[in-house]
Each structure stands twice: as C-alpha cells, then as structure tokens.
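Fold and geometry: a report
Chain by chain, the residues run as shown.
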Amino acid sequence: ASAPEPARPGLIGRLFGQGPAAEPRRVLDDEMLESLEDLLISSDMGVDTALRVTANLAEGRMGKRLSVSEIKALLAAEIARIMEPVARPMPIYPKRPQVVLVVGVNGSGKTTTIGKLASQFRAAGKTVVIAAGDTFRAAAVEQLKVWGERADVPVLTAPEGSDPASLAFDAMTRAEADGADLLLIDTAGRLQNRQDLMEELAKIVRVIRKKDPEAPHNTLLVLDATTGQNALNQVEIFSKIADVSGLVMTKLDGTAKGGVLVALADRFGLPIHAIGVGEQIDDLAPFDPEEFARALVG
Ligand code: GDP
C-alpha cells in the first residue's frame, strides 16, 4: 500500500495495489467476491450488473487461487462482453443531408462533441453544416463558431433568444442547397424546465420533417462521465423527450472511468458511438469495449 501508485489505477488496482506486490495468488472465496461486488458497485455499474459480472466470474472458480492479473483479465472480459453489442459507430446513411440532432444537458459536452464530429467528418471528405440551435446561450453559439472555424465548417446562427426550430429549418435549406452530407444541430439542454425543452425539441423535429420526413436520422445524447449514476437519469429523461438513437460519453480522459456505461449498456442497450477523451478537436475516439474494460478494472 505504501508503493507509489500510477496516476489512475483502475478498480482492481485500487483493491489490491499494483505491481509485483499485488501478484501473489488469492483464493476466490465469498469475502473476495464481496469485495469485488462492492468495487464494481462503487464504479457506478449498478447493483444488478455488478452482481451478474461477479457471478459469471465466480462460476466454476470458487475456492481456486487466482493471481491479480487473472482476476483483472476475467473481470475485463466479463465487462467487455456486456459492452460489445453497444459499441457501434454512428450509422451513416446515403441521405443528403443526414441530419444529426445532438441533445444533452448543458455542460455535458454537446458543443465540443459537435466540433469534434464536424472535424472528423471533414477529414473523411464529407461536407458538413452546423446549426447553433441553443439560441438562448450566447456562449454556446460563440463556442460553436470557434469549432466551426477550426473544422472549416459553416455554422448557422440566429439572433439570441430566437426560435431554434426556425434556425433548424433554415439550416436544412442551407444544407440542401449546399448538397451537404451532414447537418449537425446543437440544442438547448436546460432540464430545469423539462416541458419547454420537450416542446422545443419536438418543434425542431416537426420543422425539419417538413423538409425530410425521415429526419433526424440520428439523435445523439451526449453524457458526461463525471456525473456518474446521473447519466442513467439523463438517458431516461431524454429518451422520453427525444428519440435517442445513440450515445456519446465525454470526459473519459479524467479520473472518471465511466463505470456507468456498463449500467447504461445493460439497462438501455443504446449504441455508444464515441467517447470524448479531451478538450481538443481530435479528442473523440470510437468506443472500444476491450480497452474500456481494461481501463476500468486495470
Ligand atoms: P455543452 O454545454 O453541452 O455544449 O458542453 P460544452 O461542449 O461547452 O463542454 C463543457 C465543458 O466540458 C467544456 O469546458 C469542454 O471543454 C469540456 N469537455 C467537453 N468534452 C470533454 C472531454 O471529452 N474531455 C474533457 N476533459 N473535457 C471535455
């Protein structure tokens, strides 16, 4: 315990320490299983998921001696197994423009994620238009403009406080006229007034459907890994407000290891399209279940 620990030990690292001192084999008994359960629960994985993961790990192994590396590998494999079905990139349709509605509470990283997505699609040779749909937050609009400049993508804005749906409609017109591949629409995330938010999003959807009955083609919910279990509530709330088709989890570069993603995968089964791993434009990565699981238990 006195050995200096690496900056970000994972769950098992926290339980047993890391390095050679952690290596002796330990008997997998009830006590050990309980510590593992507690550990997984403390990672925001949720009780049911944690119990299932440990039960799977224990099966046929009770009373056996396992090294810490073996325990890590087994746990990581169990977690990766839960995550694999949801690790799917955002679907791309042969539709022009493909309309991507981005929702989430303020501060979750919507604006940043839109900037990163725009940049990635540009790099892939696609033409992109951004609509700064949170017309009530001047700061968000300004930030999107900066991202747009960096990604070399036009950002459509509207006067502060104006109707986001009418901006969305104009953005559709512009994206169609430009023959743009993608239209990314930012939205407000003020959960304090859920009714307003619901009506606002519904109106945006209604208006863009006048242009394309199938739009939006994707509705991305952006979640902040540092809010832990809160992410579960946010998925519940936003799924009622909008037809969420996939998730992006931001801020996985900090101390948060995103254990709640396991609970999310288990409970909702929504695809996880990408993860935010920093504040820079390139800091958006595909979700890799094995890497995620290793980092979580590591
Ligand atoms: P919005 O209110 O949902 O549009 O959130 P923003 O995009 O403005 O992001 C809120 C804060 O989180 C900003 O300071 C961003 O730089 C930061 N942020 C967003 N994504 C990430 C990420 O993946 N990692 C880190 N470390 N910070 C992030």
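Above this note sits the structure.
Now for a description of the structure that goes with this document. (Residues numbered from 1 in each chain as written. Predicted model: local features only at pLDDT ≥ 70, side-chain atom pairs only at ≥ 80, totals over all residues. Heavy atoms only, no water.)

A few points about a negative patch on the surface
A surface patch of negative charge is lined by Asp 29, Asp 30, Glu 31, Glu 34 and Asp 38. With respect to the helices and strands, the residue Asp 29 is situated in the loop between β1 (26-27) and α2 (30-42). (Patch = residues over 30% accessible without salt bridge, like charges linked within 9 Å, V, L, I, M, F, W, Y side chains within 5 Å. Areas by Shrake-Rupley, 256 points an atom, 1.4 Å probe, with all protein chains shown as cover. Salt bridge = Lys/Arg side-chain N within 4 Å of Asp/Glu carboxyl O. Lys, Arg positive; Asp, Glu negative; His and termini not counted. Charge placed at Lys NZ, Arg CZ, Asp CG, Glu CD. Helix = DSSP H or I, 4+ residues; strand = E, 2+ residues; numbered from the N terminus.)

Some words on the nonpolar core
One finds Ile 79 and Met 83 to be the most contacted residues of the largest nonpolar core, which totals 78 residues. At eight residues, helix α4 (residues 68-83) tops the list of elements feeding residues into this core. Filtering out sequence-adjacent residues up to four positions away, Met 83 remains in contact with Leu 261, Val 262, Ala 265, Ile 272, Phe 287, Pro 289 and Phe 292. Judged by nonpolar contacts, the second largest core, of 24 residues, contains Met 90, Val 100, Ala 132 and Val 141. (Core = buried A, V, L, I, M, F, W, Y, C linked by side-chain atoms within 4.5 Å. Buried < 20%, exposed > 50% of the residue type's maximum accessible area, 1.4 Å probe, protein only. Contact = heavy atoms within 4.5 Å.)

What about the sheet that holds strand β9 (residues 272-276)?
With mixed pairing, eight strands are arranged side by side in an open sheet as β5-β4-β6-β3-β7-β8-β9-β10. Unpaired on one side and paired on the other, β5 (155-156) and β10 (284-286) mark the two borders of the sheet. Bridge analysis of β9 against β10 gives three bridges, and the strand direction is antiparallel. Looking at the pairing, Ile 275 lines up with Ala 285 of β10. (Pairing = 2+ DSSP bridges.)

Here we look at the pairing of strand β7 (residues 218-224)
Within β7, seven of the seven residues are buried, which leaves it mostly tucked inside the rest of the structure. Of the two faces of β7, the one lined by Asn 218, Leu 220, Val 222 and Asp 224 and the one lined by Thr 219, Leu 221 and Leu 223 are each fully buried. Both strand β3 (residues 98-103) and β7 contribute to a ladder of four bridges, which runs parallel. Its bridge partner lying in β7, Leu 101 is registered against Thr 219.

Some points on α4
Helix length check: α4 (16 residues) gives 22 Å between terminal C-alpha atoms against 22 Å at 1.5 Å per residue, within 8%. Within α4, burial applies to Val 68, Ile 71, Leu 75, Ala 76, Glu 78, Ile 79, Ala 80, Ile 82 and Met 83. (Expected span 1.5 Å × (residues − 1).)

Let's talk about the side chain of Glu 37
Mapped onto the secondary structure, Glu 37 falls in helix α2. The side chain of Glu 37 sits in the buried core without any salt bridge; Arg 52 is the nearest counter-charge, 12 Å away. Each residue touching Glu 37, except ones within four places of it in the same chain, is listed here: Ala 50, Leu 51 and Thr 54.

Examining the pairing of strand β6 (residues 182-186)
A large share of β6 lies buried, amounting to five of its five residues. Both faces of β6 are covered, namely the face carrying Leu 182, Leu 184 and Asp 186 and the face carrying Leu 183 and Ile 185. Both β3 and β6 contribute to a ladder of five bridges, which runs parallel. Residue pairing across strands places Val 100 opposite Leu 184, the latter belonging to β6. Note: strand β4 (residues 128-131) against β6, four bridges, orientation parallel. Paired with Val 129 across the bridge in β6 is Leu 183.

Re a nonpolar patch on the surface
Together, Ile 41, Val 47 and Leu 51 give the surface a local cluster of nonpolar side chains, amounting to about 210 Å² of exposed area. Here Ile 41 lies in helix α2.

Observations concerning the site of the ligand
Around the ligand there are 18 residues in total, and Gly 107, Thr 111, Thr 112, Asp 253 and Glu 279 lie nearest to it. Lys 116 places a side-chain nitrogen or oxygen 3.5 Å from an oxygen atom of the ligand. A distance of 3.2 Å separates an oxygen atom of the ligand from a polar atom in the backbone of Gly 276. Contact with the protein chains hides 81% of the accessible area of the ligand, taken as 580 Å² for the molecule alone. Across the shell around the ligand, the residue classes break down as two nonpolar, 10 polar and six charged. (Near = heavy atom within 4 Å. Polar contact = N/O pair within 3.5 Å; in protein donor to acceptor, adjacent residues only side chain to side chain. Nonpolar A, V, L, I, M, F, W, Y, C, P; charged D, E, K, R; others polar.)

Purely geometric numbers; function is a separate question.
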